[in-house]
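Inside the fold
Residue-level listing of the chains:
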Amino acid sequence: MRLSTRSRYAIRALIDLTVHMAEAPTLVREIAEREDISVRYLEQLLLPLKAAGLVRATRGANGGFTLAKDPSEINLREVIQIMEGSTAFTECADCADVCPRAGSCVLRDSWLEVTAASNKILEATTLQTLVDRQNKR
């Protein structure tokens with residue numbers, strides 16, 4: 001599975017919000033500068049994260065974005081599903097109906113195993129986990 005820039009940049013933005021969560025709400029421009037992401041692109045990424053309830057937007061002079069949940073409650077699988085729609089290794093791992101061979105395909109069994117294994121890791125990896133790792137470096 002290859003993640004798009006949407007997922008990778010969204011995760012970077014969420015890590016940035018986690019690192020700076022003790023401060024006032026963070027401006028999109030500030031995140032964009034620190035993470036080297038264009039402001040316009042970042043705004044497009046934050047919208048689905050807001051709709052999913054992962055971030056909160058505050059308007060006004062002291063406005064910006066903050067996490068809507070504790071960083072230990074936001075895992076990578078959730079973010080990737082919001083940005084990509086699925087974490088499955090192949091389409092048939094999501095839905096057997098997409099392939100007429102799904103019932104007899106030995107490869108599908110492997111794709112299901114790979115998907116389950118990667119989902120386990122993605123679910124266990126939270127924003128807090130990533131920030132803790134970053135702080136150790």
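Everything in this summary refers to the structure shown in the same document. Note that this is a predicted model, so its numbers are computed, not measured. (Residues numbered from 1 in each chain as written. Predicted model: local features only at pLDDT ≥ 70, side-chain atom pairs only at ≥ 80, totals over all residues. Heavy atoms only, no water.)

1. A look at the environment of Glu123
Here Glu123 lies in helix α6 (residues 106-124). A relative accessible area of 38% means that Glu123 is categorised as partly exposed. Spatially, the C-alpha atom of Glu123 lies 16 Å from that of Leu14, the residues being 109 residues apart in sequence. Setting aside anything within four residues of it in sequence, one finds Glu123 in contact with Asn75 and Arg77. (Helix = DSSP H or I, 4+ residues; strand = E, 2+ residues; numbered from the N terminus. Buried < 20%, exposed > 50% of the residue type's maximum accessible area, 1.4 Å probe, protein only. Contact = heavy atoms within 4.5 Å.)

2. So, α6
Over its 19 residues, α6 runs 28 Å from end to end, which matches the ideal 27 Å to within 8%, given 1.5 Å per residue. Those residues of α6 not exposed but buried are Arg108, Thr115, Asn119 and Leu122. Considered in projection along α6, the buried side chains sweep an arc of 65° and stay on one side of the axis. Away from its buried face, by an angle of more than 90 degrees, α6 presents the exposed residues Val106, Glu113, Lys120, Ile121 and Ala124. Packed against the buried residues of α6 are α4 (76-84) and α5 (91-94). (Expected span 1.5 Å × (residues − 1). Arc of directions from axis to C-beta.)

3. Quick notes on the pattern of salt bridges
Throughout the structure, instances matching the rule amount to four salt bridges. Between Glu35 and Arg12 there is a salt bridge whose closest N-O contact spans 3.3 Å. Residue Glu35 is found in helix α2 (residues 28-35), and its partner Arg12 is found in helix α1 (residues 5-19); the two are separated by 23 residues along the sequence. Under the relative-accessibility criterion, Glu35 is labelled buried at 18%. A relative accessible area of 29% places Arg12 in the partly exposed class. Arg34 is paired through a salt bridge with Asp16; the nearest N and O atoms lie 2.7 Å apart. Of the two residues, Arg34 sits in helix α2 while Asp16 sits in helix α1, which places them 18 residues apart along the sequence. Judged by its relative accessible area of 3%, Asp16 is buried. (Salt bridge = Lys/Arg side-chain N within 4 Å of Asp/Glu carboxyl O.)

4. Focus: the nonpolar core
Considering soluble globular proteins, one finds that nonpolar side chains tend to be buried as a cluster. Of all hydrophobic cores here, the largest spans 27 residues; its most connected members are Leu14, Leu42, Leu49 and Val79. Of all the secondary-structure elements, those providing two or more residues to this core are α1, α2, α3 (39-51), β2 (64-67), α4 and α7 (127-136). Considering each element in turn, this core owes the most residues, six residues, to α1. (Core = buried A, V, L, I, M, F, W, Y, C linked by side-chain atoms within 4.5 Å.)

5. Regarding the packing of aromatic side chains
Both the distance between ring centres and the angle between the ring planes are used here to describe each pair of aromatic rings. Tallied over the full model, the rule gives two aromatic pairs. Ring centres 5.8 Å apart and planes at 80° place the aromatic pair Tyr9 and Tyr41 in the edge-to-face group. Taken as a pair, Tyr9 in helix α1 and Tyr41 in helix α3 lie far apart in primary sequence, 32 residues in all. According to the relative accessible area criterion, Tyr41 is partly exposed, its value standing at 22%. Between Phe89 and Trp111 the ring centres are 5.4 Å apart and the planes differ by 40°, which places this aromatic pair in the tilted class. Remark: Trp111 occurs in helix α6 and Phe89 occurs in the loop between α4 and α5; sequence separation between them is 22 residues. The class for Phe89 is partly exposed, based on a relative accessible area of 34%. (Phe/Tyr/Trp six-rings, centres within 6.5 Å; stacked < 30°, edge-to-face > 60°.)

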